Amino acid sequence: HVREVFERHPFDAYHVRSPLEGLAVPGGKGTLIYEVNAFYSVELLHHFPQLVETPGVRQKLERMEAAPLGRADRVLTPSSITAQFIQDRGVPRERIQVLPNVPSFSPIEARTPSHADVLQLVYIGTLSSWQGIVEAVDVIARMERPFHLNILTHASAKGQRLIRRRLRKREM
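We now turn to the structure provided with this report. All figures in this text were calculated on a predicted structure; none of them were measured in a lab.

Thresholds, definitions, all that
- Along each chain, the written sequence defines residue order, and numbers are assigned to residues from 1.
- Local features are withheld for residues below a pLDDT of 70 in this predicted model, meaning they are given only at 70 or higher, and side-chain atom pairs are given and counted only at 80 or more; totals for whole chains, interfaces and linings count all residues.
- Processing note: side-chain calculations cover all non-hydrogen atoms of the structure and skip hydrogens and water entirely.
- Helix numbers and strand numbers start at the N terminus; a helix is a DSSP run of H or I with at least 4 residues, a strand a run of E with at least 2.
- Expected helix span is taken as 1.5 Å per residue step, with the number of steps being one fewer than the number of residues.
- For the exposure calls, accessible area comes from a 1.4 Å probe over protein chains only, and a residue counts as buried if that area is under 20% of its type's maximum, exposed if over 50%, partly exposed in between.
- Directions pointing from the helix axis toward each C-beta atom define the arc.
- At least two bridges found by DSSP between two strands are what make those strands a pair.
- For the handedness criterion, the strands are oriented away from the viewer, and a crossover whose path from the first strand over the helix to the second runs clockwise is classed as right-handed.
- Between N-to-C directions, angles cover 0 to 180 degrees, with each direction set by a line fitted to C-alpha atoms, over the stretch in contact for helices.
- We call two residues contacting when some pair of their heavy atoms lies within 4.5 Å.
- Under the grouping applied here, Gly and all other residues not named as nonpolar or charged are polar, the nonpolar ones being Ala, Val, Leu, Ile, Met, Phe, Trp, Tyr, Cys and Pro and the charged ones Asp, Glu, Lys and Arg.
- Like-charged residues are merged into a patch within 9 Å and nonpolar side chains (Val, Leu, Ile, Met, Phe, Trp, Tyr) within 5 Å, provided each residue has over 30% relative accessible area and no salt bridge.
- The Shrake-Rupley method, run with a 1.4 Å probe, gives the accessible areas here. Residue values count only the displayed protein chains as cover.
- Salt bridge criterion: a side-chain nitrogen from Lys or Arg within 4 Å of a carboxyl oxygen from Asp or Glu.
- Working convention for charge: Lys and Arg count positive, Asp and Glu count negative, and His plus the chain ends are omitted.
- To locate a charge, take NZ of a lysine, CZ of an arginine, CG of an aspartate or CD of a glutamate.
- Two N or O atoms count as a polar contact when they lie within 3.5 Å, although within protein this holds only if one can serve as hydrogen donor and the other as acceptor, and sequence-adjacent residues are included solely when both atoms are side-chain atoms.

Here helix H5 (residues 57-71) spans 22 Å end to end across 15 residues, near enough to the 21 Å set by a 1.5 Å rise per residue. Considered for burial, the residues of H5 that qualify are Leu 61, Met 64, Glu 65, Pro 68 and Leu 69. For H5, the angular spread of buried residues about the axis comes to 135 degrees, placing them on one side. Opposite the buried face of H5, at more than 90 degrees from it, the exposed residues are Lys 60, Arg 63 and Gly 70.

Spelled out as structure tokens, the structure:
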């Protein structure tokens, strides 16, 4: 489903949070930002210890994880330990950025766009409060640039009502 959306609607940037989403991004189109919070190949041991013994499972997961890491223009992670792990996986340090869950830096001034093109944005994922999508919508609403925001989620009806209410409030 994600691949179909990406093929039908090209975006300026693709911010993905799983290797499966990363694999769906069309090659050579837009900036790929890969947010890494954990690796399936590592988490497997803790969540599904019986699968570790299955031949080839961990190696298959590692190959799947490597694909978006190799293609990403920027790899984001909240942890310096995970950043080192990503670097050990072959990603150059200059493409890795640590963004702690609680930012410790000043806000970055947005540059003024030099054209009136519509900025194409997509968010794929949960609408859990800790994801920050409501805060992102508030920031996007203050932009002085035309944009189109797509939200693709499998969130509950209650979660979808919350975000729709926020969008209506902002006349989006």
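Let's pick the thread back up.
Where strand S1 (residues 13-16) lies against strand S2 (residues 31-35), four bridges are found, and the strand directions are parallel. Counterpart to Ala 13 in the pairing with S2 is Thr 31. Crossover handedness for the path S1 to helix H2 (residues 19-24) to S2: right-handed. Bridge count for S2 against strand S3 (residues 74-77) is three bridges, and the pairing is parallel. Note that in S3 the partner of Glu 35 across the bridge is Leu 76.

On to the environment of Ile 133, then. Residue placement: Ile 133 occurs in helix H7 (residues 133-141). Take Ile 133: its relative accessible area is 7%, and that puts it in the buried class. Considered as a pair, Ile 133 and Arg 161 are 28 residues apart in the sequence and their alpha carbons are 13 Å apart.

The next point concerns the packing of helix H3 (residues 40-47) against H5. Running from N to C, H3 and H5 cross one another at 145 degrees; their axes reach a closest spacing of 8 Å. Across the interface between the two elements, Tyr 40, Ser 41, Val 42 and Leu 44 from H3 touch Val 57, Arg 58, Leu 61, Glu 62, Met 64 and Glu 65 from H5. Grouping the constituent residues of the contact of H3 with H5 by class yields six nonpolar, one polar and three charged.

Another aspect to go through is the side chain of Ser 18. When you line up the elements, Ser 18 lands in the loop between S1 and H2. Judged by relative accessible area, Ser 18 falls into the buried class, the value being 11%. Excluding anything up to four places from it in sequence, Ser 18 contacts Tyr 34 and Tyr 40.

Okay, a positive patch on the surface next. Taken together, the side chains of Lys 158, Arg 161, Arg 164, Arg 165 and Arg 168 make up a positively charged region of the molecular surface. Relative to the elements of secondary structure, Lys 158 occurs in helix H8 (residues 157-169). Here Lys 158 falls in the exposed class, since its relative accessible area comes to 64%.

Looking now at helix H6 (residues 80-88). All of the buried residues in H6 are Thr 82, Ala 83 and Ile 86. What you see down the axis of H6 is that its buried residues fit within an arc of 105 degrees, all on one side. Of the exposed residues in H6, the ones pointing more than 90 degrees away from its buried face are Ser 80, Ile 81 and Asp 88. Buried residues along H6 sit against H5, S3 and strand S4 (96-98). N-cap assignment for H6: the residue whose side-chain oxygen lies 3.1 Å from the backbone N of Ile 81 is Ser 79. Positive backbone phi, at 105 degrees, marks Gly 90, one or two positions downstream of H6.

Quick look at the sheet that holds S3 now. Taking strand neighbours across the sheet as the criterion, the four strands line up as S1-S2-S3-S4 in an open arrangement whose pairing is parallel. Since the sheet does not close on itself, it has two edges, and those belong to S1 and S4, each with one partner. Between one strand axis and the next, the sheet turns through 20 degrees on average, direction left out of account. H6 contacts S3 and S4 of the sheet and is inclined by roughly 170 degrees relative to S4.

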